[in-house]
Amino acid sequence: MLEAFKKTEVYKSIFRHSYQDTQRNRALQIVDNVFLHLHPVRVPRHATNIGYTWGMGGITFLLFLVLTITGIILMFYYRPTAQYAYEDMKYLMNDVPFGPLIRNMHRWAAHAMVLTVMLHMFRVFLTGSYKPPRQFNWVVGVLLLVLTLLLSFSGYLLPWDQLAIWAVTVGTNMARATPLLGHEGPFGPELGMQPDNDVRFVLLGGTEVGPPTLLRFYVGHCIFLPIIAAIFMAVHFWRVRKDGGISGPETPKKA
Amino acid sequence: MQQFLEILTKPDNIPIVFLLFSVIFFSWFAWTKAKKNDAQGFPVEATMDDKVQVWPYLVRVEFLATIAVMAVLVIWSITLDAPLEEPANRSLTPNPSKAPWYFLGLQELLVYFDPWIAGVVLPTLIIVGLMAIPYIDINPKGNGYYTYKERKFAVLVFSFGFLILWCLLIFIGTFLRGPGWNFFMPGEKWDPHYVAVLTNIDLSEMWPLNIATRLPDGSLNPASFIFGAVCVLGFYSLGPLYWLKYRNSDFMKKLGLIRYGTVSFLFLTMVGLLVKILLRLIPTFLGLNPVKYVWVTPWFNV
Ligand code: HEM
């Protein structure tokens, strides 16, 4: 049956080549697959060594994918208004089948991603991989780090419980003190900044963390920030390839 | 101790326990690799530069890593529920109120600096400083392998910033700061009525200067203002002074003035951070009044 299926046009149109273990097929396996062709066909041996990269960049990306999928599922059960948000969380945790599992996975993957992105940066620094020609990809990386933190922070508010609003209150209170642009920052009052017109007001959509803040953070968390992060990740991966693949020591033999 | 364990095992604090172990492990791991490379005179990676097929060799590693990560994540999610506390209530402020764990290093800095520095200027400098690294580090060595010998300054400064100023402060902020953001040793009870014994003073008010920051009528004392200005501006002028002394060395010529200015400013800021923290901590341990501000001005305080 399977053999017969493998001979049909449908099968061939999907897989295009046989699975015999030949050098050519191994190469085709990569270039004929839209997901795997992110990779080169061949890499230096040390690039497959976990001891070198710690795998942290890849794990960060995996966690981002997990977060996207679990996040979309959570969106089916969640309404970003002060009236419903907390109720929806309760419902999710108590009555939705596998609700707690999905929510837990989303939350723990988010924490883990912050951790792995920091470790990834640490590794890239210690192997000097930001040095030419990879300077710009490091800059893209820093933006990804900031986006990861912002994603995590904006998500923190959404359960709309005590933990959420006070953590976000503490975090956004800093914005009051922005020099020039905050109403408690150096030279802020001199420039006419008040609680209801400074940067914090713009961020929160009010003078304190309230329903408009919830909506703002929700839109940022579910739409704006993930899209920006995905775009920068695309650039990041593309640059890894264009900069000559994974960094490694100069050797005379290297092509 | 009971309470410390409770804080340690709060679901949202579990990542920090991971952070603790992974940071220590990876620092040790990178360190041994660097030592090995330095000792044998060539990087291990250089012996692994033959090309291998991505399918199956790399895809296999990725596949196994994916399974491992997913297994950990699923087990973690089955055993530990994400927290959901009481509904949001603006009139009930928890004490202490803490930001998410990855910002607690910055929140911890609020002890030592006014919000405009700890909450705005320093984060901005961290981001800009990180982005500047590839452009200010002109040392061509150590590209693509672990080493310490060939880039001591870079590795030391970055590790200090990441391990001490970022990670250690996160631990302190999470585990050792209780109500009123007071410091409690592990095992000490978080007493909400704890009052610090020592009052903060400004640097100029310290022995042997004893120049009061404010005059009896409450206005700023010019002597204190000038002293503070000299301290802060004098500290930052160490950068230009060092440059004047060594500007003709080959290294400085290659580095150039703009790069040098950036490096020295960022480096001095990092050192200044440490100095300010120590100005608070050392007197406290000696039972003296800790320093609050170095420089008080009508517009901002440093
Ligand atoms: C969402 C966050 C990020 C993702 C998903 C990501 C992903 C990756 C991946 C998959 C690689 C391939 C090598 C590896 O796995 O180590 C990589 C390499 C790299 N990343 Fe990231 N990264 C992120 C953030 C960062 C950050 C914060 C930095 C630095 C500040 C950074 C700088 C770099 C550089 C310079 C390389 C090239 C390393 C080399 O060639 O050895 N990335 N990244």
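Small disclaimer: the values here were computed from a predicted structure and weren't measured.

Participant: Which residues make up the overall build of chain B, and what values do they have?
Facilitator: Across its full length, chain B holds 10 helices and 1 strand. Helices (α) and strands (β) of chain B occur, in sequence order from the N terminus, as α-α-β-α-α-α-α-α-α-α-α. Relative to a compact globule of 302 residues, whose C-alpha radius of gyration would be 19 Å, chain B shows 24 Å and is clearly more extended. For chain B, the spread of C-alpha atoms along the principal axes amounts to about 80 × 65 × 35 Å. Looking at chain B as a whole, 43% of its 302 residues qualify as buried. For chain B, contacts bridging at least 24 residues in sequence account for 65% of all contacts bridging at least 6.

Participant: Describe the packing of aromatic side chains, naming the residues involved and giving the relevant values.
Facilitator: Under the criterion given, the structure shown has 36 aromatic pairs over all chains. Ring centres of B:Y242 and B:Y246 lie 4.7 Å apart, and the angle between their planes is 45°; this geometry places the pair in the tilted category. With B:Y242 and B:Y246 both in helix 8 (residues 238–246), this residue pair falls 4 residues apart, about one helical turn. Overall, the relative accessible area of 45% leaves B:Y242 in the partly exposed class. Positioned over the ring face of A:W166 is B:R90, at 5.1 Å from the centre of the ring. Across the ring face of A:F125, the terminal group of B:R151 is positioned such that the distance to the ring centre comes to 5.0 Å.

Participant: Outline the domain arrangement of chain B, supporting the account with residue identities and numerical values.
Facilitator: Residues and elements named next belong to chain B. Domain boundaries assigned for chain B yield domain 1 (1–186) and domain 2 (197–302). Once you take the C-alpha centre of each, domain 1 and domain 2 turn out to be 29 Å apart. The interface of domain 1 with domain 2 comprises 18 residues on the first partner and 21 residues on the second. In this assembly, domain 1 packs against domain 2 so that about 1,800 Å² is buried in total across both faces, 80% of it on carbon and sulfur atoms. Of all residues in domain 1, the largest losses of buried area upon contact with domain 2 belong to Y112, I136 and I138, amounting jointly to 33% of the total for that side. Counting the contacts that link domain 1 with domain 2 gives 4 residue pairs in polar contact (both at pLDDT 80 or more). Secondary-structure elements contributing two or more residues to the side of domain 1 that touches domain 2 are helix 5 (115–136) and helix 6 (152–176).

Reading guide: rules and limits
Residues numbered from 1 in each chain as written. Chains lettered and ligands numbered in written order. Predicted model: local features only at pLDDT ≥ 70, side-chain atom pairs only at ≥ 80, totals over all residues. Heavy atoms only, no water. Helix = DSSP H or I, 4+ residues; strand = E, 2+ residues; numbered from the N terminus. Rg over C-alpha atoms; globule rule 2.2 N^0.38 Å. Buried < 20%, exposed > 50% of the residue type's maximum accessible area, 1.4 Å probe, protein only. Contact = heavy atoms within 4.5 Å. Phe/Tyr/Trp six-rings, centres within 6.5 Å; stacked < 30°, edge-to-face > 60°. Lys NZ or Arg CZ within 6 Å of the ring centre and 35° of its normal. Domains from an automatic or database assignment. Buried area = accessible area lost by both parts, 1.4 Å probe. Polar contact = N/O pair within 3.5 Å; in protein donor to acceptor, adjacent residues only side chain to side chain.

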